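# Coordinates in review
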Amino acid sequence: MQWSDWPPLDEALMPGYEAWRNGRLQEAQLFFQKKAEEQPDSADIWRGLGNVAWTRKDFNAALIHFNTALRLEPWSPMHWGNMGLIRRDLGQPEAAIAAFRVALGFDSRYAPALNEWGNVLFDIGRYEEALPLYDVSLAIDNNRAVVYHNKGVCLRQLGRSPEAVLCFKAALALDPEYRYSREELRRLQTNVHVR
């Protein structure tokens, strides 16, 4: 299963999401701001504004927008996942983990929250604890190159280079253009002579 919950429920909002996904941030922001004036009770509009701010690394603005989306749809694991992401970026690992726990409480199979929880643990050096979260995320959804990559980086950090190589190769099998895994693989194969 491929997690593709980014599209909004209201198809009229797709132009803003497509602009954001294609890096046209000013266009996306103006689109969502106009829509917010017309439909201030649409969580997907506020999520769109949060996505734009997050992409710009304006984490305080993203927190405000994602929090507004969450207040409108407090049962959404995606909104809780976004809160976890922004808390991670704000250097608040415990708050991030708490948000991912809530997301998983609403949907225990919400693979993105497991992956991001693993990333938070990785950030604070708890590699052994991060690894099983990547594994569970992949057991639910094994079609996301980023999760294989994250697991590979974690394995490399733990000194398990042959397993890391397999993860980077799996990421590249899903996305041959995934440059981060290509760089990791090149470095490991050059430095460790792993094939």
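Our structure's up above, just so we're on the same page.
Residues numbered from 1 in each chain as written. Predicted model: local features only at pLDDT ≥ 70, side-chain atom pairs only at ≥ 80, totals over all residues. Heavy atoms only, no water.

### Some words on the overall build of the protein chain
Secondary structure summary: the protein chain contains 11 helices and zero strands in total. The N-to-C order of helical and strand elements in the protein chain reads α-α-α-α-α-α-α-α-α-α-α. Here the C-alpha atoms of the protein chain give a radius of gyration of 18 Å, agreeing with the 16 Å that 2.2 N^0.38 yields for 195 residues. Once the C-alpha set of the protein chain is aligned to its principal axes, its extents read approximately 60 × 30 × 30 Å. Residues counted as buried form 47% of the 195 residues belonging to the protein chain. In the protein chain, the share of contacts with a sequence separation of at least 24, taken over all contacts with a separation of at least 6, comes to 47%. Accessible area of the protein chain: about 10000 Å², with a carbon and sulfur share of 52%. The distance from the centre of the 23 positive side-chain charges to the centre of the 25 negative ones in the protein chain is 7 Å. (Helix = DSSP H or I, 4+ residues; strand = E, 2+ residues; numbered from the N terminus. Rg over C-alpha atoms; globule rule 2.2 N^0.38 Å. Buried < 20%, exposed > 50% of the residue type's maximum accessible area, 1.4 Å probe, protein only. Contact = heavy atoms within 4.5 Å. Areas by Shrake-Rupley, 256 points an atom, 1.4 Å probe, with all protein chains shown as cover. Lys, Arg positive; Asp, Glu negative; His and termini not counted. Charge placed at Lys NZ, Arg CZ, Asp CG, Glu CD.)

### Thoughts on helix α1 (residues 14-21)
Restricting attention to buried positions, one finds in α1 the residues G16, Y17, A19 and W20. Along the axis of α1, the buried positions cluster into a sector of 160°, meaning they face one direction only. Packing partners of the buried residues in α1 comprise α2 (25-38) and α3 (43-55). G23 sits one or two positions beyond α1 and adopts a positive phi of about 80°. (Arc of directions from axis to C-beta.)

### Quick look at the pattern of salt bridges
One pass over the full model with this rule turns up 12 salt bridges. One salt bridge connects E129 with R126, and the closest N-O pair in it is separated by 2.8 Å. Residue classification places E129 among the partly exposed positions, given a relative accessible area of 41%. A salt bridge links E184 to R156, with the nearest nitrogen and oxygen atoms 2.8 Å apart. With E184 in helix α11 (residues 179-191) and R156 in helix α9 (residues 145-157), this pair connects stretches of sequence that are 28 residues apart. Connected through shared salt-bridge partners, K34, K35 and E38 make up one network. (Salt bridge = Lys/Arg side-chain N within 4 Å of Asp/Glu carboxyl O.)

### Section: the packing of aromatic side chains
If you walk through the whole model with that rule in mind, you get five aromatic pairs. Ring geometry for F122 against Y127: centres 5.0 Å apart, planes inclined by 55°, an arrangement best described as tilted. Aromatic ring contacts, followed pair by pair, group Y17, W20, F31 and F32 into a single cluster. (Phe/Tyr/Trp six-rings, centres within 6.5 Å; stacked < 30°, edge-to-face > 60°.)

### Let's talk about the nonpolar core
Within the largest apolar cluster, 34 residues are counted, with the highest numbers of intra-cluster contacts made by F100, L104, A113, W117, L121 and F168. When residues of this core are traced back to their parent elements, those giving at least two are α6 (93-106), α7 (111-123), α8 (127-140), α9, α10 (161-174) and α11. Excluding anything up to four places from it in sequence, W117 contacts I97, F100, R101, L104 and L133. By size, the runner-up hydrophobic cluster in this structure holds 14 residues, among which are Y17, L25, A28 and A36. (Core = buried A, V, L, I, M, F, W, Y, C linked by side-chain atoms within 4.5 Å.)

### Section: the side chain of S42
Following the sequence through the fold, S42 ends up in the loop between α2 and α3. Residue classification places S42 among the buried residues on the basis of a relative accessible area of 15%. Here S42 is in contact with L13 and L72, once residues within four sequence places are set aside.

### Focus on the packing of α3 against helix α5 (residues 77-89)
α5 packs onto α3 with a crossing angle of 25° between their chain directions and a minimal axis gap of 12 Å. In terms of orientation, α3 lies roughly parallel with respect to α5. Relative to α5, α3 is oriented so that their crossing is left-handed. Taking contact as the criterion, the partners of A43, R47 and W54 in α3 are, on α5, M78, H79, N82, I86 and D89. Counted by class, the contact of α3 with α5 contains four nonpolar, two polar and two charged residues. (Axes fitted to C-alpha atoms, helices over the stretch in contact; angles between N-to-C directions. Parallel < 35°, antiparallel > 145°, perpendicular 65-115°, else oblique. Left-handed = near helix turned anticlockwise from the far one by under 90°. Nonpolar A, V, L, I, M, F, W, Y, C, P; charged D, E, K, R; others polar.)

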